[in-house]
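A look at the structure
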Amino acid sequence: MRAVQADVGASPQSVDIVRCEEPHWAENGAYVKLYDPEDRWPGDARVFFKAEDECAEATSGIAPVALYRIDTIWPRKDRWEKKNGQIYAVCLVSRADGQELTGRLS
């Protein structure tokens, strides 16, 4: 998945997907499991920090930290209540200088 900057904050179903060769703002660096379907809602702060930690770990080997940043899309309570299975977060990798990517990071 590749995203353009306007997509951050959009629902995952509405992110524009482009080919790696086309300029894009971010790349899906990881898709990490956070919770099981039977788990109760632990609150915004816990979900956010768990998603941030899992994304940092999952993307640690992708690129030098100084050159890239990680943006985490984590499930809010309304998404949690509509779950159909495992609860995931999406870890987007973009350039730290804000420039677009062309090609794959990994």
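All values derive from a computational prediction rather than experimental measurement.

Looking only at helices and strands, the chain has two helices and four strands in total. Split into buried and exposed, the 106 residues of the chain put 33% on the buried side. Summing over all exposed atoms, the chain offers an accessible surface of approximately 6,600 Å²; the carbon and sulfur share of this is 47%.

Under the counting rule described, the total for this entry stands at five salt bridges. Aspartate 71 is the salt-bridge partner of arginine 69, the closest N and O atoms lying 2.4 Å from each other.

A separate point is helix α1 (residues 44–58). Helix length check: α1 (15 residues) gives 21 Å between terminal C-alpha atoms against 21 Å at 1.5 Å per residue, within 8%. Within α1, burial applies to Val47, Ala51 and Cys55. Looking straight down α1, one finds that the buried residues subtend no more than 60° of arc, so they occupy a single side. α1 presents Arg46, Phe49, Asp53 and Glu57 as exposed residues on the side facing more than 90 degrees away from its buried surface. For α1, the secondary structure elements touched by its buried residues are β2 (26–35), β3 (68–73), α2 (77–81) and β4 (87–95).

Throughout the structure, instances matching the rule amount to one disulfide. Between the sulfur atoms of cysteine 55 and its disulfide mate cysteine 91 the distance is 2.0 Å. On the sign convention where negative means left-handed, the S-S torsion of about -75° between cysteine 55 and cysteine 91 marks this disulfide as left-handed. Pair noted here: cysteine 55 is in helix α1 and cysteine 91 is in strand β4, with a separation of 36 residues, a long-range link. Taking relative accessible area as the criterion, cysteine 55 reaches 0% and is therefore assigned buried.

Moving on, we come to the environment of alanine 56. Looking at the secondary structure, you find alanine 56 in helix α1. With a relative accessible area of 44%, alanine 56 lands in the partly exposed category. Separated by 16 residues in the primary sequence, alanine 56 and threonine 72 have C-alpha atoms spaced 9.2 Å apart.

All right, on to the packing of aromatic side chains then. Enumeration according to the criterion identifies five aromatic pairs in this entry. Considering the side-chain rings of phenylalanine 48 and phenylalanine 49, the 5.1 Å spacing of their centres and the 70° angle between planes classify their relative orientation as edge-to-face. Classification of phenylalanine 48 as partly exposed rests on a relative accessible area of 28%. Put simply, the rings of Tyr35, Trp41 and Trp80 pair up and form one aromatic cluster. The ring of tyrosine 35 carries lysine 50 above its face, with NZ or CZ at 4.7 Å from the centroid. The ring of tryptophan 74 carries the charged tip of arginine 76 above its face, separated from the ring centre by 4.1 Å.

Rules of the game
- Residues numbered from 1 in each chain as written.
- Predicted model: local features only at pLDDT ≥ 70, side-chain atom pairs only at ≥ 80, totals over all residues.
- Heavy atoms only, no water.
- Helix = DSSP H or I, 4+ residues; strand = E, 2+ residues; numbered from the N terminus.
- Buried < 20%, exposed > 50% of the residue type's maximum accessible area, 1.4 Å probe, protein only.
- Areas by Shrake-Rupley, 256 points an atom, 1.4 Å probe, with all protein chains shown as cover.
- Salt bridge = Lys/Arg side-chain N within 4 Å of Asp/Glu carboxyl O.
- Expected span 1.5 Å × (residues − 1).
- Arc of directions from axis to C-beta.
- Contact = heavy atoms within 4.5 Å.
- Disulfide = S-S within 2.5 Å.
- Phe/Tyr/Trp six-rings, centres within 6.5 Å; stacked < 30°, edge-to-face > 60°.
- Lys NZ or Arg CZ within 6 Å of the ring centre and 35° of its normal.

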